[in-house]
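As a plain string of letters, each chain reads:
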Amino acid sequence: MKYTQLGRTGLKVSRLVLGTMNFGPQTDEADSHAIMDAALDSGINYFDTANVYGWGENKGRTEEIIGSWFGKGGDRRDKVVLATKVYGNMAADGDAWPNHDKLSAVNIRRAVDASLKRLRTDYIDIYQFHHVDRDTPFEEVWQAIDTLVAQGKILYAGSSNFPGYKIAQANEIAARRGSYGLVSEQCLYNLAERRAEMEVIPAAQEYGLGVIPWSPLQGGLLGGVIKKEVEGGRRASGRAADTLANPAGRAQVQAYEDLLEKHGLEPGEAALAWLLTRPGVTGPIVGPRTAEQLESALRAVELELSDELLTSLDEIFPGPGPSPEAFAW
């Protein structure tokens, strides 16, 4: 495994991030534990989750699975850089209550204590805002975060799904308060979805945030989806299905798969390797449902993409260009 600094911090993290969203809904506890053991054995030390994972009536279940894994001992907790998130309402569906969601100081205090209990740990390395809260000023957010840091409950704060201007606003207000500010941003970013290159990633680089792309395969679109369909495998759904329903989108994905077949590469592994070449990227989140999927992701770390291949990938999936040139003269 290769490691890098998380943004401007002194924290060293693996270049792949283990995403745990499937733990509970799609992967049972025993298999989830086996995947986490395999990830740790391979050198992955950065685990990402969220308080709402488990979804529906099972919100919090994913954190509980991670907590039971930590409870097995063997220095598991000490070896892991643990990131979780706050924003969503944790009440049962249809039973929402005021002040039980978003980023008020009240909810942050409540949510972090609940996550610590489920995770069976006394601190969280990176506590992330799952979404922008337009109703809560950053002065209040940072007051709550600084209190948690002083209490030793969290070490760093990060964002997820923030636009570039909110990254700037959050860190400017933090600087005025003498707070450390955001150290990471999780954003939707992959070969087929490159809008983050215009504002989000430049803002993250300017303010010293590590970039953690989520959905690196665009919901399976970049994982050889057409070939799998032809061979009778898992059919596309969600964003991948929407793209393939458009003839132009399907032709684009077919060109991508043909290119990688010509180079003898697996599409999913190449898509992850491409992200590892991108400026500002710390490491993509991989969310394996099985041990085999984890093994495939690990191969991407060692994969070297030629300049010729990188150029061809840019031709198939062109980026938006830098800001402001992408939309100005």
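As a reminder, the structure under discussion sits directly above these lines.
Residues numbered from 1 in each chain as written. Predicted model: local features only at pLDDT ≥ 70, side-chain atom pairs only at ≥ 80, totals over all residues. Heavy atoms only, no water.

S.K.: I keep staring at the overall build of the protein chain and nothing clicks. Help me out?
M.R.: Each helix and strand counted, the protein chain has 13 helices and ten strands in total. Taking 20 Å as the expected radius of gyration for a compact globule of 329 residues, we find that the protein chain reaches 20 Å, a close match to that expectation. For the C-alpha atoms alone, the extent of the protein chain along its principal axes is close to 55 × 55 × 40 Å. Expressed as a percentage of its 329 residues, the buried residues of the protein chain come to 51%. Across the protein chain, every contact between residues at least 6 apart in sequence was considered, and the portion connecting residues at least 24 apart equals 76%. Summed over its atoms, the accessible surface of the protein chain is roughly 14900 Å², and 50% of this surface lies on carbon and sulfur atoms. (Helix = DSSP H or I, 4+ residues; strand = E, 2+ residues; numbered from the N terminus. Rg over C-alpha atoms; globule rule 2.2 N^0.38 Å. Buried < 20%, exposed > 50% of the residue type's maximum accessible area, 1.4 Å probe, protein only. Contact = heavy atoms within 4.5 Å. Areas by Shrake-Rupley, 256 points an atom, 1.4 Å probe, with all protein chains shown as cover.)

S.K.: What exactly am I supposed to notice about helix H10 (residues 247-262) here?
M.R.: Across its 16 residues, H10 extends 22 Å between first and last C-alpha, which sits within 8% of the 22 Å expected from 1.5 Å per residue. Of the residues making up H10, those classed as buried are Gly249, Val253, Tyr256, Glu257, Leu259 and Leu260. When H10 is viewed along its axis, its buried side chains cluster within an angular range of 160 degrees and face the same direction. In H10, those exposed residues whose orientation departs by more than 90 degrees from the buried face are Pro247, Ala248, Glu261 and Lys262. (Expected span 1.5 Å × (residues − 1). Arc of directions from axis to C-beta.)

S.K.: Which parts of the structure should I look at to understand the packing of helix H11 (residues 267-276) against helix H12 (residues 291-301)?
M.R.: How two helices sit against one another is set out by the angle between their axes and by the gap between those axes. At a closest axis distance of 8 Å, the pairing of H11 and H12 adopts a crossing angle of 40 degrees. When the axes of H11 and H12 are compared, the pair comes out oblique. H11 and H12 meet at a crossing whose hand is right-handed. Residue-level contacts link Glu269, Leu272, Ala273 and Leu276 of H11 to Ser296, Ala297, Arg299, Ala300 and Val301 of H12. Tallied by class, residues from the contact of H11 with H12 come to six nonpolar, one polar and two charged. (Axes fitted to C-alpha atoms, helices over the stretch in contact; angles between N-to-C directions. Parallel < 35°, antiparallel > 145°, perpendicular 65-115°, else oblique. Left-handed = near helix turned anticlockwise from the far one by under 90°. Nonpolar A, V, L, I, M, F, W, Y, C, P; charged D, E, K, R; others polar.)

S.K.: How should I be thinking about the pairing of strand E9 (residues 210-214) in this particular structure?
M.R.: Along any regular strand the residues' side chains alternate between the sheet's two faces. A large share of E9 lies buried, amounting to four of its five residues. In this structure, strand E8 (residues 182-188) lies alongside E9, joined through five bridges in parallel fashion. Paired with Cys187 across the two strands is Pro213, which belongs to E9. This β-α-β element, E8 to helix H7 (residues 200-206) to E9, shows right-handed connectivity. (Pairing = 2+ DSSP bridges. Right-handed = clockwise from strand over helix to strand, strands pointing away.)

S.K.: Would you explain the nonpolar core in this entry?
M.R.: For soluble globular proteins, nonpolar side chains are generally found buried alongside one another. By size, the foremost hydrophobic cluster in this structure holds 73 residues, and its most contacted members are Tyr127, Phe129, Trp142, Ile145 and Tyr256. Not counting residues up to four positions away in its chain, the partners in contact with Ile145 are Ile108, Tyr127, Phe129, Ile154 and Ala157. The next biggest cluster of nonpolar side chains, apart from the first, holds twelve residues, and it includes Leu11, Val17, Val183 and Ile285. (Core = buried A, V, L, I, M, F, W, Y, C linked by side-chain atoms within 4.5 Å.)

S.K.: Would you mind going over the side chain of Glu193 with me for this structure?
M.R.: Along the chain, Glu193 falls in the loop between E8 and H7. In this structure Glu193 comes out as buried when scored by relative accessible area, which is 12%. Of note is the side chain of Glu193, whose polar atom sits 2.9 Å from the side chain of Arg195. Among residues more than four places away in sequence, those in contact with Glu193 are Leu188 and Gln218. (Polar contact = N/O pair within 3.5 Å; in protein donor to acceptor, adjacent residues only side chain to side chain.)

S.K.: For this particular structure, what's the right way to read the side chain of Arg118?
M.R.: Turning to its location among the elements, Arg118 is positioned in helix H4 (residues 105-119). For Arg118, a relative accessible area of 17% gives the class buried. Here the side chain of Arg118 touches Glu63 through a polar contact of 2.7 Å, side chain to side chain. Not counting the four nearest positions on each side in its chain, Arg118 is found in contact with Asn51, Gly60, Glu63, Glu64, Gly67 and Met90.

S.K.: I tried to follow the pattern of salt bridges on my own but got confused; where do I start?
M.R.: Two side chains of opposite charge can pair, provided their charged atoms sit close to one another. Inspection of every chain in the model, using the stated rule, returns 15 salt bridges. The salt bridge partner of Arg177 is Asp146, with a shortest N-O separation of 3.0 Å. Here the residue Arg177 occupies a position in helix H6 (residues 164-177), and Asp146 occupies one in helix H5 (residues 138-151), the gap between them amounting to 31 residues. By relative accessible area, which is 38% here, Arg177 ends up partly exposed. Two residues, Glu229 and Arg250, come together in a salt bridge whose shortest N-O distance is 3.3 Å. Placement of Glu229 in helix H8 (residues 225-230) and of Arg250 in helix H10 is noted, with a sequence separation of 21 residues between them. For Glu229, a relative accessible area of 18% corresponds to the buried category. Salt bridges sharing common partners tie together Arg194, Glu197, Arg278 and Asp314. (Salt bridge = Lys/Arg side-chain N within 4 Å of Asp/Glu carboxyl O.)

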